[in-house]
Amino acid sequence: FLDMHTGKRREDLSPDTLAAIDTGAAEVVADLRRRAEAVVRENRKLIERAKGALMKRHRWGEAEAFRRLQRAAMNRRTTMAELARKILDGIEVEL
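Rules used throughout
- Residues numbered from 1 in each chain as written.
- Predicted model: local features only at pLDDT ≥ 70, side-chain atom pairs only at ≥ 80, totals over all residues.
- Heavy atoms only, no water.
- Helix = DSSP H or I, 4+ residues; strand = E, 2+ residues; numbered from the N terminus.
- Rg over C-alpha atoms; globule rule 2.2 N^0.38 Å.
- Contact = heavy atoms within 4.5 Å.
- Areas by Shrake-Rupley, 256 points an atom, 1.4 Å probe, with all protein chains shown as cover.
- Lys, Arg positive; Asp, Glu negative; His and termini not counted.
- Charge placed at Lys NZ, Arg CZ, Asp CG, Glu CD.
- Buried < 20%, exposed > 50% of the residue type's maximum accessible area, 1.4 Å probe, protein only.
- Axes fitted to C-alpha atoms, helices over the stretch in contact; angles between N-to-C directions.
- Parallel < 35°, antiparallel > 145°, perpendicular 65-115°, else oblique.
- Nonpolar A, V, L, I, M, F, W, Y, C, P; charged D, E, K, R; others polar.

Undergrad: How should the overall build of the protein be read in this particular structure?
TA: Secondary structure assignment for the protein yields three helices and zero strands. Computed over its C-alpha atoms, the radius of gyration of the protein comes to 22 Å, more than 25% above the 12 Å expected for a compact globule of 95 residues. Taken along the three principal axes of its C-alpha coordinates, the protein extends 65 × 20 × 20 Å. Counted over contacts in the protein with a minimum sequence separation of 6, partners at least 24 positions apart contribute 28%. Counting every atom, the protein has about 7300 Å² of accessible surface; 52% of that belongs to carbon and sulfur. Taken as two groups, the 21 positive and 16 negative side-chain charges of the protein have centres that lie 9 Å from each other.

Undergrad: I keep staring at unusual backbone geometry and nothing clicks. Help me out?
TA: In the Ramachandran plot, R59 falls in the positive-phi region, its phi being about 60 degrees despite a non-glycine side chain. Here R59 falls in the exposed class, since its relative accessible area comes to 77%. The backbone of R77 shows a phi angle near 55 degrees, a positive value even though the residue is not glycine. Within the secondary structure, R77 is located in the loop between α2 (62-76) and α3 (80-88).

Undergrad: Any chance you could explain the environment of I47 here in plain terms?
TA: For I47, the position within the fold is in helix α1 (residues 15-58). Take I47: its relative accessible area is 14%, and that puts it in the buried class. Along the primary structure I47 and A81 are separated by 34 residues, whereas in three dimensions their C-alpha atoms are 5.7 Å apart. Apart from residues lying up to four places away in sequence, I47 is in contact with L69, M80, A81 and A84.

Undergrad: Would you take a moment to explain the packing of α2 against α3 for this structure?
TA: A pair of packed helices is characterised by two quantities: the angle between their axes and the separation of those axes. Look at α2 against α3: their axes get within 9 Å of each other, and the N-to-C directions meet at 110 degrees. On the basis of their axis angle, the class for α2 and α3 is roughly perpendicular. Of the residues in α3, those touching α2 at F66, L69, Q70, A72, A73 and R76 are M80, L83, A84 and I87. Here the residues of the contact of α2 with α3 sort into eight nonpolar, one polar and one charged.

So, in structure tokens, the structure goes:
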């Protein structure tokens, strides 16, 4: 197959070129992984804050608030994080 960086067949590339390409690819993958992990952390924080707001507002326990948030997200075909954002923004959401 052709290497997308050089337009040459991979077998025709020097070991140094292959190593540089592999290192670059590994750095891209590591960066994408770090970004994805950051998004996951932020989403968890949003969900925790929304859950706390629901617990306070409706006097629900933690499990009940989570379950209702989860079910409402599924019913709306959205993510829990997106629904949590709406709740924290003060948008009235039926749970």
